[in-house]
Amino acid sequence: MEPQANVSKRLQSIDLKKILSNHGILIGFIIIVILLTIATPNFLTTSNIINVLRQISCIGIATVGVGILIIMGQNDLAIGSMFALTGIVAGLTVSSGMGGLNLPPVVGYAVGIGAGIAVGAFSGVIVAKARIPAFIVTMGTMSICRGLALIFAHGMPVGNFPDAFNFLGSASLGPIPWPVIIFALVVGSSYFIMEKRPLGRYIYAVGSNEEAARAAGINVDLVKIKAYLYEGALVGLAGTVLAGRMKSAAPALGVGYELDAIAGAIIGGVSFTGGIGKVGGMVLGALMIGVINNGMDLLGVEAFYKQVVKGSIIILAVLIDRKRSGRG
């Protein structure tokens, strides 16, 4: 019979592994917050917390969008270029400057979101119908979107936006910035879709085993297209809000944003092999990326090191995911 002490140690080890598996992201986030609070007294202030939330709102919206795609076993490398394209077309729609159409702000938002949906439809249809890997398709889309942004803007920044267009990006409702409110609404709607609607269940099924999903009668192609349409709408919304926040849009907008969005999703517990992930985890992952960026800014770390840190975090998160799922 096994000694009671050994049984107790084994149970404690199992409990610890379970806690780390279920709450490791939250624990890591809390540890980072504590360390940054000790390292810089300005970190845990109300103004800085609001600043972090404002900074991560737009990229957080994109994180949720691409996180859903990753759960489905797909991805999107065109996110950064989509930010540029949607910001440019929305900006040109409302701009009173040279080349601008000077149309009402609501039209600008509709055009920006519509452009995101169009790009999502383009990628989704090719991925679903032509069966070309999403990595290849969205790499091509990334180049197309960046090129279109340069063409539409003639390689120059677009400005002269009306205050009403800038409102959602730069104003606040009380102490809470509007981008944060929009991000919260996106999180709520995405949670509802993924947890309460058939589309969410189908996305998990396709990501877990695409062939089994087909055999179960799920229209896999339609699910893929709908997921890309939703992700495109979210990125279009984020790009338009960001243009309003910055009060301008440039063809170089969004460079590297795909890295931040994918990193946030992976850090948030979304499995790169598909079928696993929660919207709440994506939010926590986006927050962690934002907190790390903000902390390095407060500590005076050079911007070049941020890319090294984020790349290292992605690799670590994937290694943890492989270990957790028994593939490592």
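Residues numbered from 1 in each chain as written. Predicted model: local features only at pLDDT ≥ 70, side-chain atom pairs only at ≥ 80, totals over all residues. Heavy atoms only, no water.

Focus: the overall build of the protein
The helix and strand tally for the protein stands at 13 helices and two strands. Relative to the 2.2 N^0.38 estimate, which gives 20 Å for 328 residues, the radius of gyration of the protein is 21 Å and therefore close to what a compact globule would have. Within the span of the protein, comprising 328 residues, buried residues form 47% of the whole. Put simply, 75% of the contacts in the protein that link residues at least 6 apart link residues at least 24 apart. If you sum the accessible surface of the protein, you get close to 15,600 Å²; carbon and sulfur atoms cover 68% of it. The protein carries 23 positive and 14 negative side-chain charges, and their two centres are separated by 5 Å. (Helix = DSSP H or I, 4+ residues; strand = E, 2+ residues; numbered from the N terminus. Rg over C-alpha atoms; globule rule 2.2 N^0.38 Å. Buried < 20%, exposed > 50% of the residue type's maximum accessible area, 1.4 Å probe, protein only. Contact = heavy atoms within 4.5 Å. Areas by Shrake-Rupley, 256 points an atom, 1.4 Å probe, with all protein chains shown as cover. Lys, Arg positive; Asp, Glu negative; His and termini not counted. Charge placed at Lys NZ, Arg CZ, Asp CG, Glu CD.)

Examining the pattern of salt bridges
Two side chains with opposite charge may pair up if their charged atoms get near one another. In this structure the tally under the stated criterion is seven salt bridges. Between D221 and R131 there is a salt bridge, with the nearest N and O atoms lying 3.8 Å from each other. With D221 in helix α10 (residues 220-246) and R131 in the loop between α4 (105-129) and α5 (134-153), this residue pair connects regions lying 90 residues apart in the sequence. Several salt bridges share partner residues, and in doing so they unite K129, R131, E210, R214, D221 and K224 into one network. (Salt bridge = Lys/Arg side-chain N within 4 Å of Asp/Glu carboxyl O.)

Let's talk about unusual backbone geometry
Phi at R131 is positive, roughly 55°, even though this residue is not glycine. With a phi close to 60°, N160 is a non-glycine residue in the positive phi region. Relative to the helices and strands, N160 resides in the loop between α5 and α6 (163-170).

Notes on the side chain of T40
Structurally, T40 can be placed in the loop between α1 (4-39) and α2 (46-71). Leave out the neighbours within four places in its chain, and T40 touches L298 and L299.

What about the environment of I30?
Counting through the fold element by element, I30 comes out in helix α1. Residues I30 and S95, spaced 65 residues apart in sequence, show a C-alpha to C-alpha distance of 43 Å.

Things to note about the packing of aromatic side chains
Centre-to-centre distance and the angle between the planes together describe a pair of aromatic rings. For the structure shown, the criterion picks out four aromatic pairs. When the ring of F161 is compared with that of F165, the centres are 5.2 Å apart and the planes differ by 70°; the resulting orientation is edge-to-face. Since its relative accessible area comes to 9%, F161 is described here as buried. For F165, a relative accessible area of 0% corresponds to the buried category. (Phe/Tyr/Trp six-rings, centres within 6.5 Å; stacked < 30°, edge-to-face > 60°.)

Quick word on α10
Under the 1.5 Å per step criterion, the end-to-end length of α10 is 39 Å for 27 residues, consistent within 8% with the ideal 39 Å. In terms of burial, α10 is a largely internal element, 21 of the 27 residues being buried. Looking at the residues trailing α10, positive phi occurs at K247, about 60°. (Expected span 1.5 Å × (residues − 1).)

A word on the state of the cysteines
Under the definition given, this model contains zero disulfides. Left unpaired, C145 is separated from the closest cysteine sulfur, that of C58, by 17 Å. (Disulfide = S-S within 2.5 Å.)

Some words on the side chain of K306
Mapped onto the elements of the fold, K306 is located in helix α13 (residues 303-324). A polar atom in the side chain of K306 sits 2.6 Å from the side chain of D297. Setting aside residues up to four positions removed in sequence, K306 forms contacts with N293, M296 and D297. (Polar contact = N/O pair within 3.5 Å; in protein donor to acceptor, adjacent residues only side chain to side chain.)

Considerations on the packing of helix α3 (residues 79-94) against α5
Packing of α3 against α5 leaves a shortest axis separation of 8 Å and a crossing angle of 25°. The angle between α3 and α5 falls in the class roughly parallel. In the packing of α3 onto α5, the handedness of the crossing is left-handed. Together, G80, S81, M82, A84, L85, I88, V89 and L92 of α3 and M142, C145, R146, L148, A149, F152 and A153 of α5 make up the contact between the two elements. (Axes fitted to C-alpha atoms, helices over the stretch in contact; angles between N-to-C directions. Parallel < 35°, antiparallel > 145°, perpendicular 65-115°, else oblique. Left-handed = near helix turned anticlockwise from the far one by under 90°.)

Focus on the nonpolar core
Core analysis: the largest hydrophobic core is formed by 84 residues, its most contacted members being M72, F83 and I203. Leave out the neighbours within four places in its chain, and F83 touches C58, A62, V235, A238, G239, L242, L253, G254 and Y257. (Core = buried A, V, L, I, M, F, W, Y, C linked by side-chain atoms within 4.5 Å.)

A short note on a nonpolar patch on the surface
Residues F122, I144, L148, I151 and F152 make up a contiguous nonpolar surface patch of about 450 Å² in total accessible area. In terms of residue count, the dominant contributor to the nonpolar patch is α5 (four residues). For F122, the location among the structural elements is in helix α4. Exposure remark for F122: the relative accessible area of 43% places this residue in the partly exposed category. (Patch = residues over 30% accessible without salt bridge, like charges linked within 9 Å, V, L, I, M, F, W, Y side chains within 5 Å.)

Observations concerning the environment of V52
As for its placement among the helices and strands, V52 is situated in helix α2. Expressed as a C-alpha distance, the spacing of V52 and E211, which sit 159 residues apart in the sequence, is 42 Å. Once residues lying within four places of it in the same chain are set aside, the contact partners of V52 are G290, V291 and N294.

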